[in-house]
Each structure stands twice: as structure tokens, then as C-alpha cells.
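The residues making up each chain are set out below.
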Protein chains: 2
Amino acid sequence: MNELTISLDASSSVPLYEQIYKYIKKDIQDGGLPFKKRLPSTRKLAKFLQVSRTTVDMAYEQLVSEGYIEAVPCKGFFVCELEGIYRLETSRSPGRTVLEPEKAMPEYDFSPHGVDLNSFPHNAWRKLSKDILLEENQLLFQLGDPQGEPELRNTIAEYLHQARGVSAQPEQIVLGAGNDFLLLLLCSMFGTGKKIAMESPTYRKAYNLFCNLSNQVRIVEMDNSGMLVDRLALTDAEIAYVMPSHQYPLGTVMPVKRRMQLLAWACQGSDRFIIEDDYDSEFRYKGKPIPALQGYDRDDRVIYIGTFSKSIAPAIRVSYMVLPKRLMELYYSRGRNISCTVSRVDQRIIAGFLNGGYYERHLNKMRAVYKSRHDVLLEELKAFRKICRVSGEHAGVHVLLTFTGGMTETEAIRRAAEEGVAVYGLSEYFVGEAKQPEAATVILGYANLSETAIRNAVQRLKRAWLS
Amino acid sequence: MNELTISLDASSSVPLYEQIYKYIKKDIQDGGLPFKKRLPSTRKLAKFLQVSRTTVDMAYEQLVSEGYIEAVPCKGFFVCELEGIYRLETSRSPGRTVLEPEKAMPEYDFSPHGVDLNSFPHNAWRKLSKDILLEENQLLFQLGDPQGEPELRNTIAEYLHQARGVSAQPEQIVLGAGNDFLLLLLCSMFGTGKKIAMESPTYRKAYNLFCNLSNQVRIVEMDNSGMLVDRLALTDAEIAYVMPSHQYPLGTVMPVKRRMQLLAWACQGSDRFIIEDDYDSEFRYKGKPIPALQGYDRDDRVIYIGTFSKSIAPAIRVSYMVLPKRLMELYYSRGRNISCTVSRVDQRIIAGFLNGGYYERHLNKMRAVYKSRHDVLLEELKAFRKICRVSGEHAGVHVLLTFTGGMTETEAIRRAAEEGVAVYGLSEYFVGEAKQPEAATVILGYANLSETAIRNAVQRLKRAWLS
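Below is a summary of the structure that appears in this document. (Residues numbered from 1 in each chain as written. Chains lettered and ligands numbered in written order. Predicted model: local features only at pLDDT ≥ 70, side-chain atom pairs only at ≥ 80, totals over all residues. Heavy atoms only, no water.)

Focus on the overall build of chain A
Here comes step 1: For chain A, the helix and strand inventory stands at 14 helices and 17 strands.
Here comes step 2: Relative to a compact globule of 467 residues, whose C-alpha radius of gyration would be 23 Å, chain A shows 30 Å and is clearly more extended.
Here comes step 3: Taken along its principal axes, the extent of the C-alpha atoms in chain A is 90 × 60 × 40 Å.
Here comes step 4: Evaluated residue by residue, chain A yields a buried proportion of 58% over its 467 residues.
Here comes step 5: Long-range contacts, defined here as pairs at least 24 residues apart, represent 71% of the contacts in chain A between residues at least 6 apart.
Here comes step 6: As presented, chain A carries roughly 19,600 Å² of accessible surface, and 50% of it is formed by carbon and sulfur atoms.
Here comes step 7: Here chain A holds 59 positive side-chain charges and 56 negative ones, and the gap between their average locations is 2 Å. (Helix = DSSP H or I, 4+ residues; strand = E, 2+ residues; numbered from the N terminus. Rg over C-alpha atoms; globule rule 2.2 N^0.38 Å. Buried < 20%, exposed > 50% of the residue type's maximum accessible area, 1.4 Å probe, protein only. Contact = heavy atoms within 4.5 Å. Areas by Shrake-Rupley, 256 points an atom, 1.4 Å probe, with all protein chains shown as cover. Lys, Arg positive; Asp, Glu negative; His and termini not counted. Charge placed at Lys NZ, Arg CZ, Asp CG, Glu CD.)

What follows is the structure in C-alpha cells.
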């Protein structure tokens, strides 16, 4: 056989050279063209198929580049040995997904993890992504700096200075795919067996993570200014994990005086540090914003962690950590050998988003959206003033509702669920042996509910809790 | 003042409404328009500026959405209180990067971490990325499954079955941003204080990571089939970390018999596991590919780790881990609370890359490219046969050169550097108290050097080592 009877479809969207390439590839894979078999010359095949010789050249070139055939000078093209060549059947149903048990979705979900995704800046994101991928910048696909791209660290340092009063050199910043990863990295730097002070209730993932890596967590009581520093001083804790801007889940904002006491505690031991988790500091609706704890730190004691997951979208896995200068040596010896977990493409998109002014506009827009929802929710919640007390408002994207009339948490959640509304119990956030609260409290996150949805949901809650 | 004297530039690429929006925003920020000041009506301003009313409407709408002004029904638009509104100065020099000490770049770099980035499938990647971002799929920006998207896990399970003989249900797969992260996650699941067997030399990052998290590493001797299982059995190790397809850095391929011995060792203790790091198994140039160790595992003991960083590009931070079914409970209780570190957009791109047949073509092309470079390098290295022995060839993208004539590693590296060629010493890869090798060995990675570059570089090495 000197010719290949390939039936070409000139009207197809698949280019002719690709049709020839695919036909021959399949013929080789199926054994129709065995090892060492000579292929017709490009001139002959072109004439036979009534296509240009360039078309056949391109098909053969593709086959050579993938190792199906080889060119032997003056002799022609021969089929290669197939051993080792990948033949991957692509799934017949690429859209098929793993069957996982479906959860019944509530009609109204006051999840504290929500983000308003209607406001995601699709156009800006797409444009930045397209521009960056068009650059044909090879460096973009090489492994970058374990701390993250210097350009983005520079931009984040400027942003943190302006928006949060954080004082950081780009050299102190480490990027990571999410706060959880950054906490893992910190644990790996500090080694295990550290004594870490936490509040209760708190961010449970951090608590679990510290415990899993054999650290000893000391639960320290808090009042409505946050962690009680005189109680902290009575423990043997070396590290205090706090969320001064907006404690999760209580929503407590730590006043400046308490921040100063906390910093003073840190200065009293040579190896004391504070982890400041500033996870949703961007949204604050009343009163002057308080600069981050890190901004008051004169003794190089605060490890500052922030994220774009809350302010842009949860699926944007970009968080940042500002290390005190005195920890840089430890980072170099024990942290820097972990490769960066954020792709360079994503780092470039975020940098463009900040530098292009998109982030400023997005933050102001989100702040306005969330403030309206916050105001509507607080107004509506007045209906419950005889049986509930509201707390944790004025910042973040959730509030707490404490039942003063004796309803239990389980009952409040169950009754709401029966009306198609999901609310979340505070008890889940208590860790260690700290005492559970006496009064039942539920959490209402409003980020992903429109004003109308909030009004409708509260109507349902009235049926659930007031009737 | 009822009018705003905005000088509009109709020839600018900035739309008119944006010019109006920006002017008023700046005027509010600078105090020219103070709090509570009423703005001219949209009708009046449109008439005054000689633009359509829609243009002014759009500008005001943008200002309202960002919280600069508010609409009071029947009264008009008023300037809001600015407290809390973000005003971020974007960097004057967005391209400015942190000044970091420049390293002198060698002319020819035999780095073992190289990847041929000329072959990066830019077009396919860009197309997939564009299509996915065009979908306006809100779900894409919500936090996904901690294990990774079910669709991608499904695709990876099929790929691993076909290409590596790995037997995995999508439910057993966990995605992560790089092998380092997956090892951190594993440590966090197992808790600290585990006894882990490793070879020496080995992947130093894994060694450091295990040690940093207070595990005890037992170094087990290896021969040219890999880790010696009878020596392993003499230790108290619970977990063996191995790279059977292509040991890093020695390039040893573990034969089936040794794999079976290793699996038999694992079955002899109720809590014994094997971590199979299959980091660059995709490239193999001689002989039949050997299925992954996991594929022979009948007793659910192997934790399989692989990555797209080596086969696509180092900056693609997507690795995957197949957990034995018996470890799923542990993952659910101690691992699943770490959010997924790979963005959903990247997960969708990778899924499209595999399902669209791009990955098969890319792998075959890379295999052909690397095989040619491998063949050229081995041919050229014959010049050193009187003073060196080659090993670790036939797979992966680096070979080892052991000096039999007494040249030290330091001397070999220094002399090569003087000729502008970077080669890498094996001694860096020895960990723990294992004895250093007697003969000097250097590593030559060839993934990112063209055939011509390899020939030129070896000419330089001849001047360095033979003269």
C-alpha cells in the first residue's frame, strides 16, 4: 500500500492536516500501519488526496513531533516503535461527575461563608487573564519565588500600608493558596509542641490544624474587647492567635487599648509572637476603621495573615502573610523550601487587579452592597427584640442572634430549617474544654442574600420563632 | 454651584461616563464636593456637558454603587460620608520589582529542575482558559470541594488507570497545589512523631518537611533496585517514602520483584504505609514502562502522589494524591478541613486539557523532545568514558556522571562553572547520617537545553574536565 485512503471532509471545522494526522495516528495505534512500515511520500499522498503538499507536510510533522513516525534522510517516513507512547482514551462523557449524595438546599441560606458572587468582577478578571496569557511569557510557566512574585508582594505591601496600616517590606511577605496553607507553613516553620493561645469560640480549622501538628492549645477567656490579656499572661502560651478586626465568629472588634496590652504581653518573652488573622477586615460599616494590630507593633512580634478569598471570591486561592523581620531567618531555613502554592498566572492577575484600580472599586462596591444588606437585616431583626439580642454587627458579613427567651440552639435551627431557612449554631465554634454558652446563639451570614431575600427569609424566621 | 465644569475628551479611549465618574470621584475625595453636598440633576449636568442623559446616569450609578453618592428620592443625589471608603493609590510604577541580588546566570544550565518551556501548549491553554472564564459560571468562584472538583478527580482517575496502572476511585483522590503541600497535608493527617523510612540521597524537601514536623526519619540503604527491603524490615519505620519509577536523584528504577517485597513489608504491620512519589514517571525512553507500585497493591497500603508541574510546567501548581481506602476516614476527620489549594478555574483548565486530548499529544511530544535530548547527551558524554561513569539514564530528564578518576565534586562543579556551564553536585541530596559517596558525582538535567545547546555545553565540559 502506497496510499492512504483517507476520506477528507473539506467542510469540517477540523483542518485538513489534522484530519490526515488523526487518521494516520489511529491507523498506527490500531496496527494497520505496523512498526518500520514506510509511509507514502508527502508528494504522493498530497497528489492522491488532492490536497496541497504543505497540508501533508504539516500532518507528518505533527506525527514526527509526537513520536509516531520518524524521518529517515533520503529514505522517507517510517512508523516508530509504539512502546512508551501514550494512548489515552478521553472520557466519553467529560461532563460526567462523581455521584455524591445531594444535600437538600435550603431556600434561604444564612451561611457565614457566603460571598456575593453577583458582584464578582468577571469582565476585569477575564481581560486581565487574557492579556497575561497572550504575553507568551515563558517565565510565567517556570517555577517562581517560593514567597511569591516580587511584583505582587510589592503591590500587596503598598495596599496593606494604605488600607490596613500594616508596615511591611515586600521581603517579609509570603503568598500562599489560602489561610489554611499559610497556617500549615507557619507550623512547619515553628516546629511542633508550641503552646498557642486561642479564644473560644474561634476559627475551628485553625484549632484543628494546630492540634493535628502536636501543638498545645491554651484556651483564653475573652470579654467584649477580645482576648483577656491578664488571663493570657497566666498561661505558658508562646503564641497568641487572634482576629482583632473582627473576631470569628463573635464579631468582636478589639479596641486599641487591648491591642496595646496584647503587644506588651508579646514583648515580655523573647520568643512570643502574635498571629493576627485579618480575614475579613475589609468590611466595616460604622465608626473609623482601626488599623491592624501589626501597624502598632514596634517590637517585631506580629505575624499578619490576610486573604483575597473573602474580598474577591472564595475560589481565588490567594492569601498573604507578613512575617516579622526577626522570623525571616527561620523562614529561610525551614519555610522557603516549600514551593509557592499560587500559580504565577494567578499572581499576575491579582497584581493587575490591584494596580489597575479594579480592587479599590470592587472593595467600595462590595462595602456598599454589604452595608445595605447589613442595614436591612438589622432593621428586620428588630421583630425579634423580645426574644433575641443582636451582636457582632457593624463589621464583617454576619451577625449573631442570642435567644434570651430560653429557646435552645438545636430548636432554633430546626424550626428555621422547617421554614426553608438555614441558620448556623454558635456551639460548633467552641473548642477545647471551654464552657459552652448558657444562652443559645445562631449565626446569620448575609453576604450572599439580596435585600429582598433577606426580607423574605426573616418573614420565614418570624413564622419559625415567633409563632 | 449647580454644574460641574468637567472638560471631557471625546477622542479619548476612556468612555465619557467614566470620565465624568472619575472627575466627580476625585472631587469628592479631595473635598471639593463635601459631605451632604447636592449634585446637579442628571438632566442639568447632561445639558451643561452636552452629553446624553444616559451618560450622566451611568456615571452617577457607578458613584452610587461604590458608595460615593446616594440617591434621595424626590430630592436628588448627595455626597456620602467618606469614612470607610477605600482610596488606594495605585503604584506609580506597577512594573517596579523588588531589588533582589542578581545571580550570575550560567550560559548553559544543566538544572535538574528544568522543563522545556518552548513546548508549553500556549494556544490550547489560552483557549481553555478563555472558554472557561467566558462561561459566567458563578459556581466557579465559590469555594469548591476540599478534595478538588469531582469532574477533575474523575478525569485523573481515568488517566492514572490508563497511563500508570493506578487503580483509584475519584473519591480517593485529593488535589493540592504541589507535592510539597500534599506531603504537608499527609503529615497533618498522620500527626507528628511518625517513623518514616527514606533513601539517601533523596528528595531533600520531603526530608526537611518530615523532620520539621517532628517525624523521625530512618535512612535505609539502597542498591541498584532501590530501597533494600530487608534493611527496611530491621527498622521501626511505619511509613516508607519511595520513588519507584525514577528515584530522585539517582534515577534508579525499582524492578517488579523489589516492588513486591516492599508491598509485602507493608502488609506485615497493621499501620504500615508506602508513600509512592511518582513525580516524573511520564518520561521513559527504553523498555516497557512499569506500572506504578500502587497498581500492584492488593492490601490498600500505597499513598500515590503525582503532579502536572513536571509534565506541563512548574508554575502549574496542580498535584494529586490517591489515598488508600483505609485512610479515607482519617482524611475525613483530619485532612478535609483544609480548603482546596488549587483554584477552580485552574482545575477546569486541567480537566479540559486532559479531556480534550491535549495532554496525550503534549506528553508524546515532550517524550519525543526529551528522548532526542537524552540520546544526544548520552552520545556526547562518551567523550568522558575514561574519567566518568554514566548512570540514571533511560528515564526522567537528568543523568548522573560519576568521576572515576579522582576529581572531586567541588572541583568538577568549579571547573564547569569557569567555562559557563552549571552542573549540580549529588552530595546536596544526602540526608541524615548516611555516608557520603566515595566517588564524586554530578547531575546533568537536560530538559531545558536544546540539542545544539547540549552539544555546545559538552564541548565546554571537555575543556573543563579533560584538559
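Quick look at the packing of helix H2 (residues 42-49) of chain A against helix H3 (residues 53-65) of chain A
Residues and elements named next belong to chain A.
Here comes step 1: Contact geometry of H2 with H3 gives a least axis separation of 8 Å together with a crossing angle of 120 degrees. Classified by the angle their axes make, H2 and H3 are oblique. Here the hand of the crossing between H2 and H3 comes out right-handed. Taken together, the residues of H3 that come into contact with H2 (itself represented by Thr42, Arg43, Leu45 and Ala46) are Arg53, Val56, Asp57 and Tyr60.
Here comes step 2: Looking at the contact of H2 with H3 residue by residue, the class counts come to four nonpolar, one polar and three charged. (Axes fitted to C-alpha atoms, helices over the stretch in contact; angles between N-to-C directions. Parallel < 35°, antiparallel > 145°, perpendicular 65-115°, else oblique. Left-handed = near helix turned anticlockwise from the far one by under 90°. Nonpolar A, V, L, I, M, F, W, Y, C, P; charged D, E, K, R; others polar.)

Section: the sheet that holds strand S17 (residues 441-445) of chain B
Residues and elements named next belong to chain B.
Here comes step 1: In spatial order, the strands read S13-S14-S17-S16; together these four strands make up an open sheet with antiparallel pairing. Two strands close off the open sheet at either side, each with one partner strand: strand S13 (388-391) and strand S16 (424-425).
Here comes step 2: As paired strands, S16 and S17 are joined by two bridges and run antiparallel to one another. Note that in S17 the partner of Gly425 across the bridge is Val442. (Pairing = 2+ DSSP bridges.)

Some details on helix H9 (residues 256-267) of chain B
Here comes step 1: Taking 1.5 Å of rise per residue, twelve residues should cover 16 Å, and H9 of chain B covers 17 Å from first to last C-alpha, within 8% of that figure.
Here comes step 2: Close packing links the buried residues of H9 of chain B with strand S7 (222-223), strand S8 (226-227), helix H8 (229-234), strand S9 (239-242), strand S10 (273-277) and strand S11 (302-307) of chain B. (Expected span 1.5 Å × (residues − 1).)

Concerning the pairing of strand S1 (residues 69-72) of chain B
Residue and element names in this part refer to chain B.
Here comes step 1: The pairing of S1 with strand S2 (residues 76-79) spans four bridges and is classified as antiparallel. Each bridged residue has a counterpart across the sheet, and for Ile69 the counterpart in S2 is Val79.
Here comes step 2: Hairpin connection, S1 to S2: the antiparallel pair is bridged by three residues, and Cys74 has positive phi, about 70 degrees.

A short note on the environment of Asp297 of chain A
Residues and elements named next belong to chain A.
Here comes step 1: On the secondary structure map, Asp297 appears in the loop between strand S10 (273-277) and strand S11 (302-307).
Here comes step 2: Of the residues examined, Asp297 reaches a relative accessible area of 14% and is grouped as buried.
Here comes step 3: Between the C-alpha atom of Asp297 and that of Glu81, which follows or precedes it by 216 residues, the distance is 67 Å.

Re the interface of chain A and chain B
Here comes step 1: Facing the 97 residues of chain A at the interface are 97 residues of chain B.
Here comes step 2: The junction of chain A with chain B conceals about 8,800 Å² of combined surface from both sides, 52% of it contributed by carbon and sulfur atoms.
Here comes step 3: It is Tyr86, Phe141 and Arg361 of chain A in chain A that bury the most area against chain B; as a group they hold 10% of the surface buried on that side.
Here comes step 4: For the salt bridge of Glu66 of chain A with Arg361 of chain B, the shortest nitrogen-to-oxygen distance reads 3.3 Å.
Here comes step 5: For the interface between chain A and chain B, the tally reads 24 residue pairs in polar contact (both at pLDDT 80 or more).
Here comes step 6: Those elements that provide at least two residues to the side of chain A that touches chain B are helix H1 (16-29), H3, helix H4 (122-134), helix H5 (150-164), helix H6 (179-190), helix H7 (204-212), helix H11 (344-355) and helix H12 (358-381) of chain A.
Here comes step 7: A breakdown of the residues in the side of chain A that touches chain B according to their chemical character gives 39 nonpolar, 31 polar and 27 charged. (Buried area = accessible area lost by both parts, 1.4 Å probe. Salt bridge = Lys/Arg side-chain N within 4 Å of Asp/Glu carboxyl O. Polar contact = N/O pair within 3.5 Å; in protein donor to acceptor, adjacent residues only side chain to side chain.)

Side note on the sheet that holds strand S17 (residues 441-445) of chain A
Residue and element names in this part refer to chain A.
Here comes step 1: Strand order across the open sheet formed by four strands is S13-S14-S17-S16, with antiparallel pairing between neighbours. In this open sheet, the two edge strands, each paired with only one partner strand, are strand S13 (388-391) and strand S16 (424-425).
Here comes step 2: H12 rests against S13, strand S14 (398-403) and S17 of the sheet, and its axis sits at about 10 degrees to S14.
Here comes step 3: On top of the sheet, helix H13 (residues 409-418) reaches S14, S16 and S17; it is set at about 40 degrees to S17, its chief contact.

Some remarks on the pairing of S14 of chain A
All names here are of chain A.
Here comes step 1: The buried fraction of S14 amounts to six of the six residues, a majority that puts the element mostly inside the structure.
Here comes step 2: With burial as the criterion, each face of S14 is covered, one bearing His398, Leu400 and Thr402 and the other bearing Val399, Leu401 and Phe403.
Here comes step 3: In this sheet, S14 lies alongside S13 in antiparallel orientation, the contact comprising four bridges. Within S14, the residue paired with Val390 across the bridge is Leu401.
Here comes step 4: From the end of S13 to the start of S14, which pair antiparallel, there are six residues, and Gly392 there has a positive phi angle of about 75 degrees.
Here comes step 5: Across five bridges, the pairing between S14 and S17 is antiparallel. When the bridges of S17 are listed, Val399 appears paired with Leu444.

Quick look at empty space enclosed by the protein
Here comes step 1: Applying the stated criterion to the full structure yields twelve cavities of 30 Å³ or more.
Here comes step 2: Counted as a void, the largest cavity has a volume near 220 Å³.
Here comes step 3: Lining the largest cavity are 27 residues, and of these Val345, Asp346 and Ile349 of chain A together with Val345 and Asp346 of chain B lie nearest its centre.
Here comes step 4: Among the elements of the structure, H4 and H11 of chain A together with helix H4 (122-134) and helix H11 (344-355) of chain B are those that each provide at least two residues to the lining of the largest cavity.
Here comes step 5: When residues of the lining of the largest cavity are assigned to their parent elements, the largest contribution, five residues, is made by H11 of chain A.
Here comes step 6: Classifying every residue of the lining of the largest cavity gives 18 nonpolar, four polar and five charged. (1 Å grid on protein atoms, 1.4 Å probe; cavity = no way out; pocket = protein on both sides within 12 Å on 5 of 7 lines; lining within 4 Å. Points joined across faces, edges and corners; volume = space filled by probe spheres on them.)

Quick word on the relation of the copies chain A and chain B
Here comes step 1: You can overlay chain A on chain B at an RMSD of 0.0 Å; the transform is a turn of 180 degrees with a shift of 0.0 Å along its axis. Taken together, the turn and the small shift mark the pair as related by a two-fold rotation axis.
Here comes step 2: The fraction of interface residues of chain A whose copies in chain B are also interface residues reaches 100%, indicating that both copies meet through the same surface. (Least-squares fit on C-alpha atoms with pLDDT ≥ 70 in both.)

Quick notes on the environment of Val253 of chain B
Residue and element names in this part refer to chain B.
Here comes step 1: Residue placement: Val253 occurs in the loop between S9 and H9.
Here comes step 2: C-alpha of Val253 to C-alpha of Lys36: the two residues are 217 residues apart in sequence and 76 Å apart in space.
Here comes step 3: Residue contacts for Val253: discarding those within four places in its chain leaves Asn224, Ser225, Pro244, Ser245, Arg259, Arg284 and Ile290.

Re unusual backbone geometry
Leaving glycine out, the prevailing phi sign among residues is negative, and the prevailing peptide bond configuration is trans.
Here comes step 1: Here the amide bond leading from Ser200 of chain A into Pro201 of chain A is cis, since omega sits at 5 degrees, within 30 degrees of zero.
Here comes step 2: Looking at the element boundaries, Pro201 of chain A is found in the loop between strand S5 (195-198) and H7.
Here comes step 3: The omega torsion across Tyr248 of chain B and Pro249 of chain B is 5 degrees, close enough to zero to call that bond cis.
Here comes step 4: Mapped onto the secondary structure, Pro249 of chain B falls in the loop between S9 and H9.
Here comes step 5: Phi at Asp300 of chain A is positive, roughly 60 degrees, even though this residue is not glycine.
Here comes step 6: Relative to the elements of secondary structure, Asp300 of chain A occurs in the loop between S10 and S11.

As for the state of the cysteines
A covalent bond bridging the sulfur atoms of two cysteines is what the word disulfide describes.
Residues and elements named next belong to chain A.
Here comes step 1: According to the stated counting rule, one finds zero disulfides over all chains in the structure shown.
Here comes step 2: Not part of a disulfide, Cys74 finds its nearest cysteine sulfur in Cys80, a span of 18 Å.
Here comes step 3: The exposed category is assigned to Cys74, whose relative accessible area is 89%. (Disulfide = S-S within 2.5 Å.)

Let's talk about the pattern of salt bridges
Residues and elements named next belong to chain A.
Here comes step 1: Applying the stated criterion across every chain yields a total of 52 salt bridges over all chains.
Here comes step 2: The partner of Arg87 in a salt bridge is Asp30, and the shortest N-O contact between them spans 3.2 Å. Here Asp30 lies in the loop between H1 and H2 and Arg87 lies in the loop between strand S2 (76-79) and strand S3 (108-109), a separation of 57 residues in the sequence.
Here comes step 3: Judged by relative accessible area, which is 37%, Arg87 ranks as partly exposed.
Here comes step 4: Here Glu221 ties to Arg231 by a salt bridge, and the two come within 2.4 Å at their closest N and O atoms. Pair noted here: Glu221 is in the loop between strand S6 (216-219) and strand S7 (222-223) and Arg231 is in helix H8 (residues 229-234), with a separation of ten residues, a long-range link.

Some thoughts on the packing of aromatic side chains
Residue and element names in this part refer to chain A.
Here comes step 1: With the rule as written, the count across this model stands at 35 aromatic pairs over all chains.
Here comes step 2: Measuring from centroid to centroid gives 5.0 Å for Phe283 and Tyr370, while their planes differ by 85 degrees, and the two rings are edge-to-face. On the criterion of sequence distance, the pair formed by Phe283 in the loop between S10 and S11 and Tyr370 in helix H12 is long-range, its members being 87 residues apart.
Here comes step 3: Between Phe384 and Trp465, the ring centres sit 5.4 Å apart and the planes meet at 65 degrees, which makes this aromatic pair edge-to-face. Of this pair, Phe384 sits in the loop between H12 and S13 while Trp465 is found in helix H14 (residues 451-466), placing the two residues 81 residues apart along the sequence.
Here comes step 4: Residue classification places Trp465 among the buried positions, given a relative accessible area of 4%.
Here comes step 5: Feature note: the residues Phe120, Trp125, Tyr159, Phe308, Tyr320, Phe353, Tyr358 and Tyr359 constitute an aromatic cluster, connected by ring pairs. (Phe/Tyr/Trp six-rings, centres within 6.5 Å; stacked < 30°, edge-to-face > 60°.)

Purely geometric stuff here, so don't read any function into it on its own.
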